[in-house]
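# Remarks on the overall topology
Each chain, written out:
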Amino acid sequence: MDFIYETERLVLRLLHESSAPDVLQFYLKNRSILEAVEPERPQNFYTLEYQSTLLRCEFQLAVKKAALRFWVFQKNQPGQIVGTISFQNILRTVYQSCHIGYKFDSDYWHRGFASESVQKAAKIVFQEFELHRMEALVLPDNQPSIRLLERIGFQLEGKRRSCICLPSGWTDHLQYSLIHEPDCF
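Residues numbered from 1 in each chain as written. Predicted model: local features only at pLDDT ≥ 70, side-chain atom pairs only at ≥ 80, totals over all residues. Heavy atoms only, no water.

Bringing the state of the cysteines into the picture now. Under the criterion given, the structure shown has zero disulfides. Here Cys57 is not disulfide-linked; the sulfur of Cys98 is the nearest cysteine sulfur, at 20 Å. Since its relative accessible area comes to 36%, Cys57 is described here as partly exposed. With no disulfide of its own, Cys165 lies closest to Cys163 among cysteine sulfurs, the gap being 11 Å. (Disulfide = S-S within 2.5 Å. Buried < 20%, exposed > 50% of the residue type's maximum accessible area, 1.4 Å probe, protein only.)

Rendered as structure tokens:
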């Protein structure tokens, strides 16, 4: 597995703990947006120490192919984080599956960066992790994310009732899946 991948306009990288200041800035800048749609964070989440530890752990998990987080950058602005894509709950044996999640800086919405990078990241994980299935959960009113998933080829499987506890309480999510077929990209 490589630690850096490119698309036409973007660079997807695994980051080391030395990038904690950049990651912290990404989270602080997008805090109000992310906190409304993600589970509650620990009190020390918005600290350099926490982000450094998290990056170190995520890097180790990526090397073991147990989880993976790419950080997305524009080629013409290599120091500015555009977003992140993660692959978690990687199950082996008869499942060969994972969950995908992504978040992007609001300054970079509606430019096609999410589609371009999520498609590339999914292809990498399918090929290099040899997975068969990828699942995504999305809030029913998140139309941009639903359009993104459908454009890439994810199919709606149904609604998971009361499956994630957000600051607003237990919420329903739509479940989408993408099956790795040799010609799906």
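Moving on from the coordinates now.
Now for the pattern of salt bridges. Opposite charge on two side chains permits pairing when their charged atoms draw close. Throughout the structure, instances matching the rule amount to 12 salt bridges. For Glu58, the salt bridge identified is with Arg69, shortest N-O distance 2.9 Å. Here Glu58, found in helix H3 (residues 48-63), pairs with Arg69, found in strand S3 (residues 68-74); they are 11 residues apart in sequence, far enough to count as distant. On the basis of relative accessibility, which here comes to 11%, the residue Arg69 falls in the buried class. Where salt bridges share partners, they join Lys29, Asp105 and Asp107 into one cluster. (Salt bridge = Lys/Arg side-chain N within 4 Å of Asp/Glu carboxyl O. Helix = DSSP H or I, 4+ residues; strand = E, 2+ residues; numbered from the N terminus.)

Among the residues of helix H5 (residues 143-152), Ser145, Ile146, Leu148, Leu149 and Ile152 are the ones counted as buried. For H5, the buried positions fall inside an angular range of 160° around the axis, keeping them on one side. Residues of H5 that are buried sit in contact with strand S5 (97-104), helix H4 (113-128), strand S6 (133-138) and strand S8 (169-179). Of the residues flanking the start of H5, the one acting as N-cap is Asn142, its side-chain oxygen 3.2 Å from the backbone nitrogen of Ser145. (Arc of directions from axis to C-beta. Contact = heavy atoms within 4.5 Å. Polar contact = N/O pair within 3.5 Å; in protein donor to acceptor, adjacent residues only side chain to side chain.)

Attention now goes to the nonpolar core. Residues Phe70, Ile85, Phe87, Met134 and Phe154 are the most contacted members of the largest nonpolar core, which totals 37 residues. Looking at which element gives the most residues to this core, the answer is H4, with seven residues. Setting aside its immediate chain neighbours within four residues, Phe87 contacts Ala67, Leu68, Phe70, Cys98, His99, Ile100, Ala121, Ala122, Val125 and Met134. One finds Ala20, Leu24, Leu55 and Ile81 within the second-largest nonpolar core, a separate group that totals 13 residues. (Core = buried A, V, L, I, M, F, W, Y, C linked by side-chain atoms within 4.5 Å.)

It is worth spelling out the packing of helix H1 (residues 20-29) against H3 at this point. For the pair H1 and H3, the least separation of the axes is 9 Å and the interaxial angle reads 110°. With respect to H3, the element H1 is oriented roughly perpendicular. In terms of crossing hand, the pair formed by H1 and H3 is right-handed. Contact with H1, carried on its side by Ala20, Pro21, Val23, Leu24 and Tyr27, involves Leu48, Gln51, Ser52 and Leu55 of H3 and no other residues of that element. (Axes fitted to C-alpha atoms, helices over the stretch in contact; angles between N-to-C directions. Parallel < 35°, antiparallel > 145°, perpendicular 65-115°, else oblique. Left-handed = near helix turned anticlockwise from the far one by under 90°.)

This part takes up the packing of aromatic side chains. Scanning the model with the defined rule gives nine aromatic pairs in all. Between Phe26 and Tyr27 the ring centres are 5.5 Å apart and the planes differ by 70°, which places this aromatic pair in the edge-to-face class. Residue class for Tyr27 comes out buried when judged on its relative accessible area of 4%. Between Phe45 and Tyr50, the ring centres sit 5.3 Å apart and the planes meet at 55°, which makes this aromatic pair tilted. What makes Phe45 buried here is its relative accessible area of 3%. Through successive ring pairs, a cluster of aromatic residues spans Phe26, Tyr27, Phe45, Tyr46, Tyr50 and Trp71. For the cation-ring pair, Arg31 lies above Tyr46, with the distance from its terminal atom to the ring centre recorded as 3.8 Å. (Phe/Tyr/Trp six-rings, centres within 6.5 Å; stacked < 30°, edge-to-face > 60°. Lys NZ or Arg CZ within 6 Å of the ring centre and 35° of its normal.)

We now examine the pairing of strand S4 (residues 77-91). Bridge analysis of S3 against S4 gives seven bridges, and the strand direction is antiparallel. Along S4, the bridge assignment pairs Leu68 with Phe87. Where S3 hands over to S4, the hairpin turn is made up of two residues, counted between the paired strands. Where S4 lies against S5, seven bridges are found, and the strand directions are antiparallel. If you follow Gly83 over to S5, its bridge partner there is Phe104. Linking S4 back to S5 in an antiparallel pair, the connection comprises five residues, with Thr93 at a positive phi of about 55°. (Pairing = 2+ DSSP bridges.)

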